[in-house]
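Close look at the chain arrangement
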Amino acid sequence: MPGLEDMVVVVTGASRGLGRAIAEELGRGGAKVVVNYSRSKEPADELVSELSEAGGEAVAIQADVSDAEQAQRLIEETVEKFGRIDVLVNNAGINRDKTLKKLSVEDWDTVIQVDLNSAFYTVHAALPHMTEQGSGKIINMSSFVGEAGNVGQANYSAAKAGLLGFTKTAAKELARYGITVNSICPGFIETDMVANIPEEAREKLLKTVPLGRFGKPNEIARAVRYLVEDGDYITGQALDINGGVYIRT
Ligand code: NAP
């Protein structure tokens, strides 16, 4: 596996939040970075300028990864631009929180499509390149909610649990090609996703976190960098970064 400075990294949903922090961390570390976004063109372009000004190479590519053809195009444009793909971070995600009684079929389908099916689409598109190279690192952004469940998040927790199963199977199948596949399970991290929770509910959530604070995007980004730079012997794992909000038994 090449060093970070020789790697080509695709981060889905990198215009904001965790994806942005991951793209920044890897880009500042010297990787060539593809900043994927769906709608937020301006922040994606800003990030590309910021990385370029710092001496890095980055490009923003618009693609709704919940659409198989657009996900395929994202990977193809990456390989056209940079010649290879070493790291794929499947980070793009949304939530549509409602209790089961109120959850519509559309709420279910949309979240499964964006948060779970997209990961298959990008991996499916990246595999021919990674297998030919004989190396690759795939990181899927799950959630502690995929491990623990959460009231009001049946669609989201199903998608995130699905990613954990997908990760384990992909790790077993792809090890022979030198490709590792891992998940990260964040707790509550300070991004728009958490900022959009009403204040009162956020205060209640905070009380459930043993470390007494929400996490910072950079704390997830540093873990991604660890997996990318030092994780050659780590595959099929789910890394919990959650302030203790969920502790596996
Ligand atoms: P966020 O601040 O809402 O950002 C979501 C990102 O995903 C945006 O860049 C958005 O881009 C992109 N995105 C959404 N739908 C997309 C699509 N169809 N195609 C391409 N990009 C798409 O969310 P976040 O908090 O950073 O979360 C990032 C990931 O971490 C998600 O998978 C989330 O489930 C997971 N996670 C977050 C937390 C947390 O506490 N924040 C905890 C556990 C897990 P546009 O603006 O261009 O649409």
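The following paragraphs examine the structure supplied in this document.

Conventions and cut-offs
Residues numbered from 1 in each chain as written. Predicted model: local features only at pLDDT ≥ 70, side-chain atom pairs only at ≥ 80, totals over all residues. Heavy atoms only, no water. Phe/Tyr/Trp six-rings, centres within 6.5 Å; stacked < 30°, edge-to-face > 60°. Helix = DSSP H or I, 4+ residues; strand = E, 2+ residues; numbered from the N terminus. Buried < 20%, exposed > 50% of the residue type's maximum accessible area, 1.4 Å probe, protein only. 1 Å grid on protein atoms, 1.4 Å probe; cavity = no way out; pocket = protein on both sides within 12 Å on 5 of 7 lines; lining within 4 Å. Points joined across faces, edges and corners; volume = space filled by probe spheres on them. Nonpolar A, V, L, I, M, F, W, Y, C, P; charged D, E, K, R; others polar. Pairing = 2+ DSSP bridges. Salt bridge = Lys/Arg side-chain N within 4 Å of Asp/Glu carboxyl O.

1. Looking at the packing of aromatic side chains
Here the structure, examined in full by the defined rule, presents three aromatic pairs. Their ring planes at 75° and their centres at 5.2 Å tell us that Phe 144 and Phe 188 sit as a pair that is edge-to-face. With a gap of 44 residues between them, Phe 144 in helix α5 (residues 144–148) and Phe 188 in the loop between β6 (179–186) and α7 (192–195) connect regions that are remote in the sequence. Assigned by exposure class, Phe 144 and Phe 188 land together as buried. For the ring pair Phe 188 and Phe 214, a centre distance of 6.0 Å and an interplane angle of 70° mean the geometry is edge-to-face.

2. A short note on the layout of surface pockets
Where empty space is left becomes clear once a probe the size of a water molecule has been rolled over the atoms. Space inside the largest pocket adds up to approximately 1300 Å³. Lining the largest pocket are 50 residues; nearest its centre among them are Gly 93, Ile 94, Asn 95, Tyr 156 and Met 193. Every element with two or more residues in the lining of the largest pocket is listed here: α1 (17–28), β2 (32–37), α4 (105–133), α5, α6 (154–174), α7 and α8 (199–207). Here the lining of the largest pocket gets four residues from one element, more than from any other, and that element is α8. Of the residues belonging to the lining of the largest pocket, the class tally is 21 nonpolar, 21 polar and eight charged.

3. Examining the pairing of strand β5 (residues 136–141)
Consecutive residues of a regular strand have side chains that alternate between opposite faces of the sheet. Along β5, six of the six residues are buried, which leaves the element largely enclosed by surrounding structure. Bridge count for strand β4 (residues 87–90) against β5 is four bridges, and the pairing is parallel. Considered in β5, the bridge of Leu 88 is made with Ile 138.

4. Section: the pattern of salt bridges
Taken as a whole and judged by the stated rule, the model has 17 salt bridges. Here Glu 50 ties to Arg 28 by a salt bridge, and the two come within 3.2 Å at their closest N and O atoms. Here Arg 28 lies in helix α1 and Glu 50 lies in helix α2 (residues 41–53), a separation of 22 residues in the sequence. One salt bridge in this structure joins Arg 96 and Asp 107, with 3.4 Å as the shortest N-O distance. With Arg 96 in the loop between β4 and α4 and Asp 107 in helix α4, the pair connects residues that are eleven residues apart, well separated along the chain. Since its relative accessible area comes to 30%, Arg 96 is described here as partly exposed. Salt bridges here are not isolated pairs; linked through shared partners, they connect Glu 25, Arg 222, Arg 225 and Glu 229.

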